[in-house]
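Listed below are the residues making up each chain.
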Amino acid sequence: QVQLVESGGGLVQAGGSLRLSCAASGLTFGSFRMAWFRQAPGKERVFVSSISRMGISTNYADFVKGRFTISKDNTKNTVYLQMNSLNPDDTAVYYCAADRSTIYSASPTEYDYWGQGTQVTVSS
């Protein structure tokens, strides 16, 4: 049984930082591309960032480039999202996702497994 469990969300002031973690179990972690998506109230789930199986290649949505950093530790079966310079527009539920494909995709439909999400709230 595959499980992805996110943690690290919370309330932070604008300009602050948070580090999200996603612990995976029940899958061969090093064989999956991992990603973060987010969903704000009343909006669609959108791509934030992804990282390749071995953590060599990364992709970012334009709205987080230079502020967020994704990383992956295959020895701990964990993917991270370091979020700096947060602003109120970053407020959303952040989801971790796993994709067994080697091809990068920003579409949520391409991902095989999902976590339950962690709430990030940025106050102004």
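In the block above lies the structure referred to throughout.
Just so it is clear, the model here is predicted, and its values are computed rather than measured.

Caption draft 1: Representation of the nonpolar core. Formed by 32 residues in total, the largest nonpolar core has its most connected members in Met34, Trp36, Val79, Leu81, Met83 and Tyr94. If you list the elements that add at least two residues to this core, you get strand S3 (18-25), strand S4 (33-39), strand S5 (46-51), strand S7 (68-73), strand S8 (78-83), strand S9 (92-99) and strand S11 (118-123). Beyond its immediate sequence surroundings of up to four residues, Leu81 is in contact with Leu18, Arg19, Leu20, Trp36, Val48, Ser49, Phe68, Thr69, Ile70 and Tyr94.

Caption draft 2: Main features of the state of the cysteines. Enumeration over the complete set of coordinates arrives at one disulfide. Covalent S-S linkage joins Cys22 and Cys96, the inter-sulfur distance amounting to 2.1 Å. Negative torsions about the S-S bond denote left-handed disulfides, and the value of about -75 degrees found for Cys22 with Cys96 makes this one left-handed. With Cys22 in strand S3 and Cys96 in strand S9, the pair connects residues that are 74 residues apart, well separated along the chain. Note on accessibility: Cys22 and Cys96 belong to one class, buried.

Caption draft 3: Broad picture of unusual backbone geometry. Positive phi values are uncommon outside glycine, yet Asn77 reaches one of about 55 degrees. Among the secondary structure elements, Asn77 is positioned in the loop between S7 and S8. We note that Ser85 has phi near 50 degrees; this positive angle belongs to a residue other than glycine. In this structure, Ser85 sits in the loop between S8 and S9. Classification of Ser85 as partly exposed rests on a relative accessible area of 44%.

Caption draft 4: Summary view of the side chain of Asp90. Along the chain, the position of Asp90 falls in the loop between S8 and S9. Owing to a relative accessible area of 1%, Asp90 belongs among the buried residues under this scheme. Of the polar contacts made by the side chain of Asp90, one reaches the side chain of Arg67; its length is 2.7 Å. Contacts of Asp90, omitting those with residues within four sequence positions, involve Arg38, Arg67, Phe68, Ser85, Val120 and Val122.

Caption draft 5: Representation of the sheet that holds S3 in the model. Reading across the sheet, the four strands line up as S1-S3-S8-S7 and stay open at both edges, with antiparallel pairing between neighbours. Two strands lie at the open edges of the sheet, namely strand S1 (3-7) and S7, each paired on one side alone. Averaged over all adjacent pairs, the angle separating strand axes in this sheet is 15 degrees, with direction ignored. Relative to S8, S3 runs antiparallel, the two sharing six bridges. Residue pairing across strands places Arg19 opposite Gln82, the latter belonging to S8.

Rules of the game
- Residues numbered from 1 in each chain as written.
- Predicted model: local features only at pLDDT ≥ 70, side-chain atom pairs only at ≥ 80, totals over all residues.
- Heavy atoms only, no water.
- Core = buried A, V, L, I, M, F, W, Y, C linked by side-chain atoms within 4.5 Å.
- Buried < 20%, exposed > 50% of the residue type's maximum accessible area, 1.4 Å probe, protein only.
- Helix = DSSP H or I, 4+ residues; strand = E, 2+ residues; numbered from the N terminus.
- Contact = heavy atoms within 4.5 Å.
- Disulfide = S-S within 2.5 Å.
- Polar contact = N/O pair within 3.5 Å; in protein donor to acceptor, adjacent residues only side chain to side chain.
- Pairing = 2+ DSSP bridges.
- Axes fitted to C-alpha atoms, helices over the stretch in contact; angles between N-to-C directions.

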